[in-house]
Amino acid sequence: MSQKSNIKVLGAGISGLTAAINLAKSGYNVEVFEKRADCGQRFHGDMQGIENWTKKNDVIQELKEMNIETNFDCTPFSNVTVTNTKIDEKFDFDRPLFYLVKRGDSQNSLDQGLKKQALSAGVKIYFNSIFKPDEADIVATGPNPARLTVADKGIIFKTKMANTAIAIVNDEFAHKGYSYLLVVDGYACLCSCVFNETETLTDCFNKTKTYFVKKYNLEITNAKSVGGVGYFTINNVWQKEKSRYVGEAAGLQDFLAGFGMRTAFRSGYLAAKSIIDNCNYSDLVEKEYRKYLKAGIVNRYLWEHIKIGDHLRTIKGISILFHSVNNLRSAYNFNLGQRFKYRKAFDYIDKKYSTRIT
Ligand SMILES: Cc1cc2nc3c(=O)[nH]c(=O)nc-3n(C[C@H](O)[C@H](O)[C@H](O)COP(=O)(O)OP(=O)(O)OC[C@H]3O[C@@H](n4cnc5c(N)ncnc54)[C@H](O)[C@@H]3O)c2cc1C
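Small disclaimer: the values here were computed from a predicted structure and weren't measured. (Residues numbered from 1 in each chain as written. Predicted model: local features only at pLDDT ≥ 70, side-chain atom pairs only at ≥ 80, totals over all residues. Heavy atoms only, no water.)

(A) Focus on the layout of surface pockets. Here the second largest pocket defines a volume of roughly 280 Å³. Together, 19 residues line the second largest pocket, and His44, Gly45, Ile156, Tyr187 and Lys224 are the ones closest to its centre. Looking at the lining of the second largest pocket element by element, the count peaks at 3 residues for strand E10 (residues 148-158). Classifying every residue of the lining of the second largest pocket gives 4 nonpolar, 9 polar and 6 charged. Each of two domains, domain 1 (4-75 + 103-146 + 232-289) and domain 2 (150-229), supplies a minimum of three residues to the lining of the second largest pocket. (1 Å grid on protein atoms, 1.4 Å probe; cavity = no way out; pocket = protein on both sides within 12 Å on 5 of 7 lines; lining within 4 Å. Points joined across faces, edges and corners; volume = space filled by probe spheres on them. Helix = DSSP H or I, 4+ residues; strand = E, 2+ residues; numbered from the N terminus. Nonpolar A, V, L, I, M, F, W, Y, C, P; charged D, E, K, R; others polar. Domains from an automatic or database assignment.)

Right, here's the structure in full:
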């Protein structure tokens, strides 16, 4: 492929724009087709964390190395509270555990920051535009509507509460998932995130809200709804004919926690690299993510087998594991224990998550 080839990208989210920025900077003519009217409109002001625990290098450094600037609001969090609603465990990590960003089309959102970087690199973005995925060089369309496995419901509102990150692990508040309250500079995001059994979502969210309001004397006025759905698969397809699948469109997310932004950036970068260096995208992404994905399957299996109501033990276990961010990384290395459990975990997840649930 010559340096001036035209590249078509479907979807102007994290993975699509990361690919587009890198290709445009390498001299390609890049066109991005986005079905919504602007970047970020899949979300509505949700706060999301770019995780910083699965790799040795800091994710902000990794973004720089992938030619992505942090020209969006991005707040590091090293202090996190995890609770089962009866006992709180506070963790003070040796480096940021995650960086909180805003998703949506507001001025300082991650999505608008990426849009600015793409436009200044010369990428053409066509809004309200779609075409067939098999005509795209890169498919970056986010969740596959036929296979949704996680759902999140929440609100954003203004608050006087200081910056904080609190997670609840308790099935009554978030079925097989977690609930959370995040506050950055007076902006709060309170959500419940459930896996598979989405009919529990409203009830879980209401319980979560009641808990946080009571415990922290929260005043909630003028709240706006946020949330959405997510997609995972254990049978990832990285490429069909010329179309490379990136980010959530490839089912590339952490099966345990539903974090997919870091992998979206990275897979977008790898797709661009495969075009620039004329090498095989599937090989690049398999090499980088196969162990991570397998570990995620086992982690989710284990999480779902914690006895209901036994979250106290879970939190104690977490506190042993959570001394440092580096310790957490071993949970994504597909370690010996995970290999031992993998077959059983795969069969369980395959059966449970192979059907459409919405
Ligand atoms: C409520 C919620 C909370 C989350 N919290 C976190 C978190 O804290 N940390 C984390 O790491 N991850 C989180 N995630 C997951 C994270 O949002 C995704 O993993 C990430 O956005 C995936 O990036 P992407 O580039 O694959 O897709 P996106 O960034 O979603 O971009 C996909 C784009 O493609 C467009 N599109 C879709 N279909 C078409 C089409 N046919 N044609 C053209 N364009 C199309 C969409 O409009 C969108 O702009 C959360 C997800 C949800 C729903």
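Read on, since the account is not over.
(B) Here's a closer look at the domain arrangement of the chain. Annotation of the chain at the domain level lists domain 1 (4-75 + 103-146 + 232-289), domain 2 (150-229) and domain 3 (293-354). With 14 residues of domain 1 in contact, the opposing surface of domain 2 contributes 14 residues. Both sides of the domain 1 and domain 2 interface together cover about 1,100 Å² of buried area, and 60% of this is carbon and sulfur. Between domain 1 and domain 2 we count 4 residue pairs in polar contact (both at pLDDT 80 or more) in total. (Contact = heavy atoms within 4.5 Å. Buried area = accessible area lost by both parts, 1.4 Å probe. Polar contact = N/O pair within 3.5 Å; in protein donor to acceptor, adjacent residues only side chain to side chain.)

(C) View of the pairing of strand E1 (residues 6-10). As paired strands, E1 and strand E2 (residues 29-33) are joined by 5 bridges and run parallel to one another. Across the sheet, residue valine 9 finds its bridge partner in E2, namely valine 32. Once you follow E1 into helix H1 (residues 14-25) and on to E2, the crossover reads as right-handed. (Pairing = 2+ DSSP bridges. Right-handed = clockwise from strand over helix to strand, strands pointing away.)

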